[in-house]
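Here's the letter readout for the chains.
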Amino acid sequence: MAGTSRRTPGETDERPAPATEAFVAHRNLLFTVAYEMLGSAADAEDVLQETWLRWAGVDLGIVQDQRAYLVRIVTRQALDRLRALGRRKESYVGPWLPEPLLTAPDVAEDAELAESVSMAMLLVLETLTPIERAVFVLREVFDLAYEEIAEAVDKSPAAVRQLAYRARAHVAARRPRGVVSAAETRNALQAFQRAIETGDLQNLLDILAPDVVLLGDGGGVVQATLSPVMGADNVARVLAAGLGRLAAAARQPVQVNGYPALIVRVNGEIDTVLALRVDDGLVTGLYAVRNPEKLSRMQRETALSR
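Here goes a summary of the coordinates provided.

On to the pattern of salt bridges, then. The final tally for this structure, using the stated rule, is 18 salt bridges. Here glutamate 151 makes a salt bridge to arginine 72, at a shortest N to O gap of 2.9 Å. With glutamate 151 in helix α8 (residues 146–153) and arginine 72 in helix α3 (residues 66–89), this residue pair connects regions lying 79 residues apart in the sequence. Residue arginine 72 is classed as buried on the basis of its relative accessible area of 17%. One salt bridge in this structure joins aspartate 110 and arginine 306, with 3.0 Å as the shortest N-O distance. Here aspartate 110, found in the loop between α4 (105–109) and α5 (111–117), pairs with arginine 306, found in the segment after β6 (282–289); they are 196 residues apart in sequence, far enough to count as distant. One salt-bridge network, in which partners are shared between bridges, spans Asp43, Asp46, Glu50, Arg81 and Arg88.

Structure below.
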C-alpha cells in the first residue's frame, strides 16, 4: 500500500475555511465512492488526499454544486489509481480480496449501501473494466444523473448510458442472488460458529451450500489458500482444521462491510477477518482476509454514506 500520510481536512485547520468545510461535509461520501471503486481503504484514503489537494486550489466562486464537483474529482483520481491497481493485482500472490472495513450498525440498516460494499459485491465489481465500474458505482449506488457521470468520466451522456447498461447486465449475471438481510446473515453466522465450536463436521455441512466457495487472501505474507476451495466437503474440512483449534473467545462477531462477520484473534492480535455471503439461509461464500496490510481498518469503525 502507498505510504503517504493519511492527514486530510478535519485533522488540520491550516486550509481555507470554506474549502475545508465543504470537503469535510462530503468526506464520508467521497471515501465511499473511492472505496467502492478500488476495494482498498488505504488507496481510497490516498485518493481523498489527492482530491483535497486539487479541491484546495479551486476557485469556489465558480463552483455551482460542490458535491458534484468533489465527486467528479474523486472519480477521476480513483480511475487513475484503479488502472494502476490492476497492474499490481496481476502479480499478487493467491486470490486478491477487498480490504475489509469495520462498519457501524447504520451501514447495515441501509440495505442498498450494505450490499454495494459487501465483499461479494466488491468482488463482482472487480470483473468490470475501470470505466464500467466507475459508471456503475456512480449510477446504481449513488444515483447520479448520466450528465453528471459524463463529466466525471469524460464521456458523452450517450456513451455513459451504454456503459451503464452493459455494466448493469454484467453485474446482474454475477451478483448475489438477492439482497440478504443482516438478520439472515447473523443467523447463518451463529449456526456457523456453533458448528465450528463443537467441531461437528455434519453441522458445518448443514450450513454450507453445496457449491460454497472459500477464498483466502494472505498476499504472500502469511499462509492462506492459494486457490479457491470449492464444494461443501472441501470447505468444511479446511475450516474444521483451521478454526476448530481456536478457543471460542478468539472469535469475535462484528459488522464487516455492512454484514455480520468474524474477527479471529491469535494471542490477542487480529489474525483473520472472515466474511460470509449467505443465500437462502446457507453460506455460499467465505472470504478469509489474512494479509496483515489489509487488517488495519479493523481497529475502528469506518463511516460510509451515500
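It is worth spelling out the sheet that holds β6 at this point. On the basis of which strands lie adjacent, the open sheet formed by six strands has the order β2-β1-β6-β5-β4-β3 and mixed pairing. Each edge of the open sheet is held by one strand with a lone partner, namely β2 (229–230) and β3 (251–256). Pairing geometry for strand β1 (residues 208–217) and β2, over two bridges, is antiparallel. Looking across to β2, one finds that leucine 214 is bridged to valine 229. Contacts from helix α10 (residues 182–198) reach β3, β4 (259–266), β5 (269–279) and β6, with the element oriented near 30° to β4.

According to the stated counting rule, one finds three aromatic pairs in the structure shown. Each ring, one from phenylalanine 31 and one from tyrosine 35, has its centre 6.1 Å from the other, and the planes form 5°; the classification is stacked. Residue phenylalanine 31 and its partner tyrosine 35 are located together in helix α1 (residues 17–38), separated by four residues, close to a single helical turn. Here tryptophan 55 and tyrosine 69 contribute two aromatic rings whose centre-to-centre distance is 5.8 Å and whose plane-to-plane angle is 55°, an arrangement assigned as tilted. Taken together, the residues span a long stretch of sequence, with tryptophan 55 in helix α2 (residues 41–55) and tyrosine 69 in helix α3 at a distance of 14 residues. Seen from the ring of tyrosine 69, arginine 72 lies directly overhead, with NZ or CZ sitting 4.8 Å from the centre. Its guanidinium or amino end placed over the ring of tryptophan 96, lysine 89 lies 4.0 Å from that ring's centre, counting from NZ or CZ.

Criteria and cut-off values
- Residues numbered from 1 in each chain as written.
- Predicted model: local features only at pLDDT ≥ 70, side-chain atom pairs only at ≥ 80, totals over all residues.
- Heavy atoms only, no water.
- Salt bridge = Lys/Arg side-chain N within 4 Å of Asp/Glu carboxyl O.
- Helix = DSSP H or I, 4+ residues; strand = E, 2+ residues; numbered from the N terminus.
- Buried < 20%, exposed > 50% of the residue type's maximum accessible area, 1.4 Å probe, protein only.
- Pairing = 2+ DSSP bridges.
- Contact = heavy atoms within 4.5 Å.
- Axes fitted to C-alpha atoms, helices over the stretch in contact; angles between N-to-C directions.
- Phe/Tyr/Trp six-rings, centres within 6.5 Å; stacked < 30°, edge-to-face > 60°.
- Lys NZ or Arg CZ within 6 Å of the ring centre and 35° of its normal.

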